[in-house]
Amino acid sequence: MMTLLQAVNPATGEYMEDIEETKIEEVELYYHQARTSFEKWSTLAISERLIYLKKLKSVMVENMDRLAQVIVQDTGKVPTEALVADIMPTLDAITTIVKHAEKILSPKRVKTPLLLIGKKSYVEYMPRGVVLVISPWNYPLQLAVVPVISALAGGNTVILKPSEVTPLVGKYIEEIFQKAGFPKDVIQVAHGGKEVGAALTAGNPDYIFFTGSVCTGKIIQEVAAKKLIPTTLELGGKDPLIVFKDANLKRAAKGAVWGAFTNSGQVCMSAERIYVEESIYDDFLNMVKIETEKLIQGTDKDSDIGSMTFPKQKEIVKQHVKDALEKGAVLVSGTPPDKWDDSMFIQPVILANLNQDMEVVCEETFGPVMPIIPFKTEEEVIKLANESNYGLNASVWTSDLKKARRVASRLVSGAVTINEVLVSVANHYLPFGGTKDSGIGRYHSEEGLRIFCHEKAIILDRGKLNKEIQWYPYKGKYLAFLQLFQSYFRERKKWIRFLQSYLKLLRK
Ligand code: ADP
């Protein structure tokens, strides 16, 4: 029986399209096809594979406006954010990979120690095989396409399962790869929800790249662990944004508002805990309130904040705000949750008078909510910021750059931005990933290509000598080895003794 995924525009409630779900019985065929296409794809030169990535880029550039519309219709985000935060980073990733993949994935000569005299050493990068990419709904293009192209560049074939919450984008991704003319089955897209995702995970991929919730990440890691399948897990965050009294407060206030409310806060690196030095707390609160109340909610090109994407997420956000208000928090801006309407829009919320026990302070909210908490000292705020199960991104705002670097170095976080927010993800040269519950592994940067390859160590000997000193027989060698190693590993090496014992061993 055919199952359909219904695409509905969350901002308008308008029905868009039905997308046919991949049948569980088809999963085996997907893997078979992926393994067959791997045979040829993996033997192409990197430069040949990159030609397809360049074609993909030009298809995306030519269809950029349409692509933005599809993302907007599927997520409810505003058009500017579809362009700036989903399409642009994807194009930039392709550009960077096309420029550097050949160098990053070519064999590398490394040093050979004197004890292995006469040999050459190098590292090769070999594709792993079939990579399974499972992606989420908040940035449905970049969080699917960037891992896919990183894996493809390294010679892997890929099965992508986009989120069932944004099936239109999933379908469109399939179309743009087709338009770019990738060879058959090098990239296959499987549509569906968690059952399809679970069947694909159980289907023996050679690598799993997952972006999504902590809960699902742990389920996938358990399945993968049983078969020793390597994974990258990009999970959630509860990112601190720290404002010291000597910061450019106008900039910090605007930065905090953008960092907390962009994409309606449905960002794993959203600023979800705003720590403000006590002496400027009231002023800062007032400044962010003014900035927030200027924001335009809607769906057109001039809007700042769109709707929530996933109804379940709206309920989580509501629960967090309710919990905080019940426990004594003060609503500085926004509508009380019992007055929220049935639409998927949430008016941005600012909360004060908070404590560490509230859900909004310790759990990921993933919505347009800004909790603002005062602190007294540098030491205290570092402790507060690190008191979290998550560690994805963080930001530090101060005009004292020495202090900024000092604090940044002590935050347990995958990334830190100084007097900026979120943008570390937009620099493809930087690694991206989290600590603690925010995940395992890194992508983007050189690392982002190499994770999809076996790193193979090769030693080359020209094979002229008939034997090596460490081979059999050992008879009479112990003392000579003792002298060799003592003379070699001493702080002040004894070269004559080293040479004598080496020659002795050669003669044995
Ligand atoms: P969110 O709640 O943010 O959507 P999820 O972790 O539920 O995050 O979903 C992220 C991706 O993981 C989606 O593509 C979803 O279909 C997929 N998924 C959910 N559950 C499973 C599972 N048990 N096994 C594999 N994939 C899953």
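I will try to describe carefully the structure that is included in this document. Computed from a predicted model, the values in this text were never measured in an experiment.

**Structural notes on the site of the ligand**
Phase 1 of the analysis: By nearness alone, 18 residues border the ligand, and S135, W137, E164, S213 and T216 come closest of all.
Phase 2 of the analysis: A distance of 2.9 Å is found between an oxygen atom of the ligand and a side-chain nitrogen or oxygen belonging to K161.
Phase 3 of the analysis: In the model, an oxygen atom of the ligand is placed 2.7 Å from a nitrogen or oxygen of the T216 side chain.
Phase 4 of the analysis: Mapped onto the shell around the ligand, the elements with two or more residues apiece are α7 (194–201), β8 (207–211) and α8 (214–226).
Phase 5 of the analysis: By residue number, the principal contributor to the shell around the ligand is α7, which donates four residues.
Phase 6 of the analysis: Of the residues in the shell around the ligand, the class split is six nonpolar, nine polar and three charged.

**Regarding the side chain of K161**
Phase 1 of the analysis: Tracing the backbone shows K161 in strand β6 (residues 157–161).
Phase 2 of the analysis: A polar side-chain atom of K161 sits 2.7 Å from the main-chain carbonyl oxygen of G192.

**Regarding the packing of aromatic side chains**
Phase 1 of the analysis: For the coordinates displayed, the defined rule picks out 18 aromatic pairs.
Phase 2 of the analysis: Look at W41 and F182: their rings are 6.0 Å apart centre to centre, the planes differ by 50 degrees, and that puts the pair in the tilted class. Here W41, found in helix α1 (residues 27–41), pairs with F182, found in the loop between α6 (167–179) and β7 (187–189); they are 141 residues apart in sequence, far enough to count as distant.
Phase 3 of the analysis: Judged by its relative accessible area of 2%, W41 is buried.
Phase 4 of the analysis: The exposure class assigned to F182 is buried, which follows from its relative accessible area of 10%.
Phase 5 of the analysis: Of the aromatic side chains, those joined through ring pairs into one cluster are F481, F485, Y488, F489, W495, F498 and Y502.
Phase 6 of the analysis: If you follow K77 out to its NZ or CZ, it ends over the ring of Y139, 3.9 Å from the centre.
Phase 7 of the analysis: Here the guanidinium or amino end of K493 rests over the ring plane of Y488, the centre of that ring lying 4.9 Å away.

**Some words on the packing of helix α9 (residues 249–261) against helix α10 (residues 281–293)**
Phase 1 of the analysis: Close contact between α9 and α10 brings their axes to 9 Å; oriented N to C, the two are set at 55 degrees. Between α9 and α10, the crossing angle belongs to the class labelled oblique. Like other packed secondary-structure pairs, α9 and α10 cross with a definite hand, here right-handed. Across the interface between the two elements, L249, K250, A252, A253, K254, A256, V257 and F261 from α9 touch F284, M287, V288, E291 and T292 from α10.
Phase 2 of the analysis: Here the contact of α9 with α10 is built from residues that sort into nine nonpolar, one polar and three charged.

Cut-offs and rules
- In every chain, residue numbers begin from 1 and rise along the written sequence.
- Only residues with pLDDT of at least 70 are given local features in this predicted model, and only at 80 or more are side-chain atom pairs given and counted; all residues enter the totals for whole chains, interfaces and linings.
- In computing side-chain properties, one takes all heavy atoms of the structure into account and sets aside hydrogens as well as water.
- Being near a molecule or strand, for a residue, comes down to having at least one heavy atom within 4 Å of it.
- By the criterion applied in these results, polar contacts are pairs of N or O atoms within 3.5 Å in which, for protein atoms, one can donate a hydrogen and the other can accept it, and in which residues neighboring in sequence qualify only through two side-chain atoms.
- Secondary structure counts use DSSP, requiring at least four H or I residues in a row for a helix and at least two E residues in a row for a strand, with both numbered from the N terminus.
- Ten residues, namely Ala, Val, Leu, Ile, Met, Phe, Trp, Tyr, Cys and Pro, are considered nonpolar, four, namely Asp, Glu, Lys and Arg, are considered charged, and the remaining ones, Gly among them, are considered polar.
- Each Phe, Tyr or Trp ring (for Trp, its six-membered ring) is paired with any other whose centre lies within 6.5 Å, and the angle between the two planes then decides the class: stacked below 30 degrees, edge-to-face above 60, tilted in between.
- Under the scheme applied here, a residue whose accessible area is under 20% of the maximum for its type counts as buried, over 50% as exposed, and between as partly exposed, the area being computed with a 1.4 Å probe on protein chains only.
- Geometrically, a charge over a ring is one whose NZ (Lys) or CZ (Arg) sits within 6 Å of the ring centre while staying within 35 degrees of the ring normal.
- Angular values range over 0 to 180 degrees, each being the angle between N-to-C directions of two axes fitted as lines to C-alpha atoms, with helices fitted over their stretch in contact.
- Each angle receives one of four descriptions, namely roughly parallel if under 35 degrees, roughly antiparallel if over 145, roughly perpendicular if within 65 to 115, and oblique otherwise.
- We call a crossing left-handed when the near helix sits turned anticlockwise from the far one by less than a right angle, and right-handed when that turn is clockwise.
- Whether two residues are in contact is decided by their heavy atoms, any of which lying within 4.5 Å being enough.

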